[in-house]
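Listed here are the chains, written in short residue letters.
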Amino acid sequence: MITLTARLQAVLARIADAARQYGRAASDVRLLAVSKTWPTTSVAELAAAGQRSFGESYVQEGIDKIGRLRELALEWHFIGALQANKTRLVSESFDWVHSVDRLRIAQRLSASRPSSLPPLSVCLQVNVSGEATKRGVSLAAAPDLAHAVAALPRLRLRGLMAIPAPSDDFLDQRRPFRRLRELSEHLQAEGLPFDTLSMGMSHDLEAAIAEGATLVRVGTAIFGERITA
Ligand SMILES: *Cc1c(COP(=O)(O)O)cnc(C)c1O
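Throughout what follows, the structure given in this document is the object of discussion. (Residues numbered from 1 in each chain as written. Predicted model: local features only at pLDDT ≥ 70, side-chain atom pairs only at ≥ 80, totals over all residues. Heavy atoms only, no water.)

By rolling a water-sized probe across the atoms, one finds the places where empty space is left. Of the voids in this model, the largest pocket is the one considered here, and its volume is about 570 Å³. Forming the boundary of the largest pocket are 27 residues, of which Lys36, Ser57, Ile163, Met201 and Arg226 lie nearest the centre. Across the lining of the largest pocket, the residue classes tally to 13 nonpolar, seven polar and seven charged. Approximately 180 Å³ is the volume found for the second largest pocket. (1 Å grid on protein atoms, 1.4 Å probe; cavity = no way out; pocket = protein on both sides within 12 Å on 5 of 7 lines; lining within 4 Å. Points joined across faces, edges and corners; volume = space filled by probe spheres on them. Nonpolar A, V, L, I, M, F, W, Y, C, P; charged D, E, K, R; others polar.)

See the structure below:
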């Protein structure tokens, strides 16, 4: 039987191989283990193997795990669709939010971030594939939103995130990641102190690393196929 720890090590090896191949340091690419739909016991097993950062897409499920595993002092990232009526729950419990795509959500997260906690780290989710059904701010609207979010007092804008349309072709996978990196470089040149490009999942993390990902969000390759969502 392949253990979770072995699958974690295999993903870390993929990250290190891709980093080496594209002239980057493996330590420049962080792994976010996407634990949505998987039990707290699996998260604890990976934590014991050294994994510190976990991603959740559903507010109540995430808060439940954060509460149960509080003494492990893990880092929790919210990566799902965020509704305005859930912003307080998220800003009180999570360390990061990757899915900010409109100012109203960012304002609410900032206003409800407890003063006992450091500013909430956030990424703007950008719609790099231009599909009508995908969430995320458009490439054209992203600069204005980035500057507005960066000015909010209780948020720390760390960079950009994207979920491109899936493709089996490596060059097709790279193209939307390149667009996100170019937008990030443009915004850095305008003075935004970004340190995060959140891009790449189980099936395309090599293409994302080739284009400069600093954080890959990996679920299936660690935990296996999800039954739901
Ligand atoms: C579920 C999810 C992932 C992980 O996807 P896998 O293909 O299982 O690696 C990454 N990012 C987001 C935003 C997700 O919702």
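Attention now goes to the environment of threonine 87. Tracing the chain through its elements places threonine 87 in helix α4 (residues 87-93). Residues threonine 87 and alanine 207 lie 120 residues apart in sequence; the distance between their C-alpha atoms is 32 Å. Not counting residues up to four positions away in its chain, the partners in contact with threonine 87 are Leu82, Ile105, Arg108, Leu109 and Ser112. (Helix = DSSP H or I, 4+ residues; strand = E, 2+ residues; numbered from the N terminus. Contact = heavy atoms within 4.5 Å.)

So, on to the pattern of salt bridges. In the structure shown here, the tally under the stated rule is 15 salt bridges. Ionic pairing is found between glutamate 206 and arginine 14, a salt bridge with its closest N-O pair at 2.8 Å. Of this pair, glutamate 206 sits in helix α8 (residues 205-210) while arginine 14 sits in helix α1 (residues 4-21), placing them 192 residues apart in sequence. Given the relative accessible area of 23%, glutamate 206 is considered partly exposed. The exposure class of arginine 14 is partly exposed, given its relative accessible area of 25%. (Salt bridge = Lys/Arg side-chain N within 4 Å of Asp/Glu carboxyl O. Buried < 20%, exposed > 50% of the residue type's maximum accessible area, 1.4 Å probe, protein only.)

With that out of the way, let us pick up the pairing of strand β3 (residues 75-78). Here four bridges tie strand β2 (residues 53-56) to β3, and the two strands are oriented parallel to one another. The residue bridging glutamate 56 from the neighbouring strand is phenylalanine 78, located in β3. For the crossover that starts at β2, traverses helix α3 (residues 59-68) and ends in the parallel β3, the hand is right-handed. When β3 meets strand β4 (residues 96-100), the two strands line up parallel, connected through two bridges. Its bridge partner being in β4, histidine 77 is matched across the sheet by tryptophan 96. At this point the chain moves from β3, through α4, to the parallel β4, and the crossover so formed is right-handed. (Pairing = 2+ DSSP bridges. Right-handed = clockwise from strand over helix to strand, strands pointing away.)

Take the side chain of serine 167 next. Its location among the elements puts serine 167 in the loop between β7 (155-161) and α7 (170-189). With a relative accessible area of 19%, serine 167 lands in the buried category. At a separation of 3.0 Å, a polar atom in the side chain of serine 167 contacts the main-chain amide nitrogen of aspartate 169. Other than its neighbours up to four places away in sequence, serine 167 contacts Asp172, Gln173 and His203. (Polar contact = N/O pair within 3.5 Å; in protein donor to acceptor, adjacent residues only side chain to side chain.)

Not every one of the 13 residues close to the ligand is listed here, only the nearest: Lys36, Ser202, Gly219, Thr220 and Arg226. Between the ligand and lysine 36 there is a distance of 2.7 Å, counted from an oxygen atom to a side-chain nitrogen or oxygen. In this structure, serine 202 approaches the ligand through a side-chain N or O atom, which is 2.5 Å from an oxygen atom. Here the ligand, which alone exposes 390 Å², has 90% of that area covered by the protein. The site holding the ligand turns out to be the largest pocket. Looking at side-chain class alone, the shell around the ligand contains six nonpolar, four polar and three charged residues. (Near = heavy atom within 4 Å. Areas by Shrake-Rupley, 256 points an atom, 1.4 Å probe, with all protein chains shown as cover. Sits in = over half its atoms within 2 Å of the grid points.)

With 20 residues, α7 ought to run about 28 Å at 1.5 Å a step, and its terminal C-alpha atoms sit 28 Å apart, in line with that. Among all positions in α7, only Gln173, Arg174, Pro176, Phe177, Leu180, Leu183, Ser184 and Leu187 are buried. Considering only its buried residues, α7 is in contact with β5 (120-127), α6 (142-150), β7, β8 (196-198) and α8. Positive backbone phi, at 105 degrees, marks glycine 191, one or two positions downstream of α7. (Expected span 1.5 Å × (residues − 1).)

Let us now look at unusual backbone geometry. Here the phi dihedral of threonine 37 falls at roughly 75 degrees; this positive angle occurs in a residue that is not glycine. Backbone geometry at alanine 73 places phi at a positive 50 degrees, although glycine is not the residue there.

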